[in-house]
Amino acid sequence: MGRPAASGGGSRGAPRWLPWLGLCFWAAGAVAARGTDNGDVLPDSIPSAPGTLPHFVEEPDDAYIIKSNPIALRCKARPAMQIFFKCNGEWVHQNEHVSEESLDETSGLKVREVSINVTRQQVEDFHGPEDYWCQCVAWSHLGTSKSRKASVRIAYLRKNFEQDPQGREVPIEGMIVLHCRPPEGVPAAEVGWLKNEEPIDAEHDENIDTRADHNLIVRHARLSDSGNYTCVAANIVAKRRSLSATVVVYVDGSWDVWSEWSVCSPECERLRIRECTAPSPRNGGKFCEGLSQESENCTDGLCILGIENASDIALYSGLGAAVVAVAVLVIGVTLYRRSQSDYGVDVIDSSALTGNSLLLNSSLQPDLTVSRTYSGPICLQDPLDKELMTESSLFNPLTDIKVKVQSSFMVSLGVSDRAEYHGKNHSGTFPHGNNRGFSTIHPRSKTPYIQNLSSLPTRTELRTTGVFGHLGGRLVMPNTGVSLLIPHGAIPEENSWEIYMSINQGEPSLQSDGAEVLLSPEVTCGPPDMSVTTPFALTIPHCADVSSELWNIHLKKRTQQGKWEEVMSVEDESTSCYCLLDPFACHVLLDSFGTYALTGEPITDCAVKQLKVAVFGCMSCNSLDYNLRVYCVDNTPCAFQEVVSDERHQGGQLLEEPKLLHFKGNTFSLQISVLDIPPFLWRIKPFTACQEVPFSRVWCSNRQPLHCAFSLERYTPTTTQLSCKICIRQLKGHEQILQVQTSILESERETITFFAQEDSTFPAQTGPKAFKIPYSIRQRICATFDTPNAKGKDWQMLAQKNSINRNLSYFATQSSPSAVILNLWEARHQHDGDLDSLACALEEIGRTHTKLSNLTESQLDAADFNYSRQNGL
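Residues numbered from 1 in each chain as written. Predicted model: local features only at pLDDT ≥ 70, side-chain atom pairs only at ≥ 80, totals over all residues. Heavy atoms only, no water.

**Notes on the pairing of strand β4 (residues 82–87)**
Regular strands have side chains that alternate between both faces of the sheet. Burial runs high along β4: five of the six residues are buried. Strand direction decides the pairing type here: β4 and strand β8 (residues 132–139), joined by six bridges, are antiparallel. Bridge pairing in β8 places I83 opposite A138. Sheet topology note: the β4/strand β5 (residues 90–91) ladder contains two bridges and is antiparallel. If you follow C87 over to β5, its bridge partner there is E90. (Buried < 20%, exposed > 50% of the residue type's maximum accessible area, 1.4 Å probe, protein only. Helix = DSSP H or I, 4+ residues; strand = E, 2+ residues; numbered from the N terminus. Pairing = 2+ DSSP bridges.)

Shown next, in the form of structure tokens:
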């Protein structure tokens, strides 16, 4: 019998002949027993009824692996000489079986019980047309018996529901149907329902049915059925809650019967009334239609008014004359004042407007140096701040400030919708720690722009340092996407340099011109007077969507005089430096230190910036209030790290995993709104449910983190769960939904991870441990590809196989083009270290040239590539 090959699936690849080998050992023992005792004595493992097929007393059951815990499969049979497990058609190794043998007191037969463990890794490594399965095979003298197949699956439960219940308004006695499709899971989740956080017991309420495909049905709606309904799905792994659906059961009002007619009044009229109380409208139901009172003449038109009414006529006539006189006076004054002004407006000193109703922050103390104009109405940054509404005066006198106010007559005619505020330029600081700013409401939009838009206090820079020598190394700014690779040999021998790297987090010194925008942080590496013999690699993250090729992206450097000059365009040919643009970062090969940044000029208005949107929450000083802060920042790790750092100081918690939003350069603004707030549990402060950010504020948002705040209030302190949706969308563009479902209590809140694990390592790595490719293998690759080859097997093919197809003239000027290409590979793969892809590229080059030539030299070269793969590549 030939020995079959072992197969995959962990240690499940035991030879097929292993169980038969065990039977052979048993048979040898049986023959020996017969030789000594003339066949009268059988081995202990032989069942007492040799002519019976094994019967399974216990068969393996289907099982689920929870997290990383292995599961045990068991089977028991009688009579049985041996029992082995077979999984996915392959015998399980004998050493993995745990076997026990006992005696059945009733039948006197030997009972054998066997168990094995199945791990999560074994199930994940199996790739077949069906689920991972195992079954038992038991042997006796008469033959074999097989148990049922038991499947083993990894248990899980997805996070998001396939269909959340939707809120609705239902008339009383109407039918309520709430649909719920639970998240995908193994095993399938069981579904239950909560009303106002209390479980619904359908067995004790005949009016409620929860059996119809996870849906909740209320046959006849009652007022008491109003509330917040939540679908709950659970299996052996986890428990998930859907978004809450608000159900309102309303009652339309109806008219009661008319009352009796009243007695005839002195005006010869009588009345009768009816009230909307049969029933009264409830929960937003329609009010009664028709008249609530009627009157009629009670003398058939023959009634004559008393003489006392003449005095009323005289009174009204006098009042009318007075009104006409005042109107004539106002018109005369208005015409006179217009004749004194070229523009038909009043220019007055603000000290005379102490009682004016314009709402300006009285704590604002401007620097009276430069004139400034505000177009549109002036609004406070946060209209909900009660401190602003209780200060001493709404418009304090400001020396030398002129307020130009359009005449109410012109405004009423709709001739102009602009008011201008002329003042001096502010110094940029506010007293008493107040950092509130102004924003503009454009009249053409009914949706208010962000009124509580503010900038958080930020640090001026992030900085890290490391000491490097001839062996080189890597300097990483954790959680920012910025890194610096110093190649081996870039620093002369017996020398060492303290190299630093910093990110500017203050006001950018690079001021964009025209349509150009800043796409990356300003990164400084130094010391500036240090010279290297081999180009170093600087990795800078960016926020441009480069998949559509709608950007002209430039690398810029700041001079010693503080001015910015262009180094090169990413698509240009250059021998001074090299730029490789990846979807989220740009890898630059440079030979001089300094301050660098990436700028972009959109080719069309379809160019897209990638924004990261996130929502943070925290309790306010008022125990019933809860604040939501929604951020829209450039999709660079350093920008989001700044947000996280600021929120950490404010006690904020990330409530949902950040998402990516594509923001087009089409000049349309960004709207942020809060939706689906449970009305019986929470309410949002007025005028903040929807806020709008101008296009320019988002498109050039690289100065400071852009965010807006929403203030929610609980009805009662017992409410601890909050569920709502945050909708961030660009008009005529894309949108993202952040689904908030959290507990406002820190002890019950789930922690959300938002930085990769590898970003938390030490910032400086020196020597060979900083590089993914072993130095010896690197030397062999360079020796192979640096030498020109007539067949093209040189560094140019190495570059092509690593997706470097542009500006190859840069590498041609280097002493070792292959070494510079490998440095670029190291910079691109600092996190994944994908050595397999590099090894496959080298091996593919070897196969290609083996086909082109049958020379022994080519075959030896191919062997060199295989050697490289076996030694670390």
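**Observations concerning helix α8 (residues 775–785)**
Among all positions of α8, only I777, R778, I781, C782 and F785 are buried. Angular distribution of buried residues about the axis of α8 spans 135 degrees; they occupy a single face of the element. (Arc of directions from axis to C-beta.)

**Details of the packing of aromatic side chains**
With the rule as written, the count across this model stands at 15 aromatic pairs. Between the aromatic rings of F663 and W699, the centroid separation amounts to 6.2 Å while the plane-to-plane angle is 40 degrees, which identifies the pairing as tilted. Here F663 is found in strand β45 (residues 659–664), whereas its partner W699 is found in helix α7 (residues 695–699), with 36 residues between them in sequence. Exposure class is identical for F663 and W699. Each is buried. Among the aromatic side chains, those forming a connected cluster through ring pairs are W551, F663, F695 and W699. Above the face of the Y578 ring, R806 is positioned so that its terminal group lies 5.2 Å from the ring centre. (Phe/Tyr/Trp six-rings, centres within 6.5 Å; stacked < 30°, edge-to-face > 60°. Lys NZ or Arg CZ within 6 Å of the ring centre and 35° of its normal.)

**Observations concerning the nonpolar core**
Judged by nonpolar contacts, the single largest core of 70 residues is most densely connected at L484, L538, L628, I672, I726 and I728. Ignoring anything within four residues of it in the chain, the contact list for I726 reads V615, L628, V630, I672, S673, V674, Q736, I737, L738 and V740. Within the second largest apolar cluster, 30 residues are counted, among which are A537, F771, I804 and L824. (Core = buried A, V, L, I, M, F, W, Y, C linked by side-chain atoms within 4.5 Å. Contact = heavy atoms within 4.5 Å.)

**Some points on the pairing of strand β50 (residues 721–730)**
Judged by how many residues are buried, β50 sits mostly within the fold: eight of ten residues are covered. Looking at chain direction, strand β46 (residues 670–675) and β50 are connected through six bridges and run antiparallel. Its bridge partner lying in β50, V674 is registered against I726. Relative to strand β51 (residues 735–743), β50 runs antiparallel, the two sharing nine bridges. Its bridge partner lying in β51, R729 is registered against E735. Here β50 folds back onto β51, and the loop between the two strands holds four residues, one of which, K732, carries a positive phi near 55 degrees.

**Notes on the state of the cysteines**
Tallying each qualifying case throughout the model produces five disulfides. Each sulfur in the disulfide pair C87 and C134 lies 2.0 Å from the other. A torsion of 110 degrees about the S-S bond marks the disulfide between C87 and C134 as right-handed. You can see C87 sitting in strand β4 and its partner C134 sitting in strand β8, a full 47 residues away along the chain. (Disulfide = S-S within 2.5 Å.)

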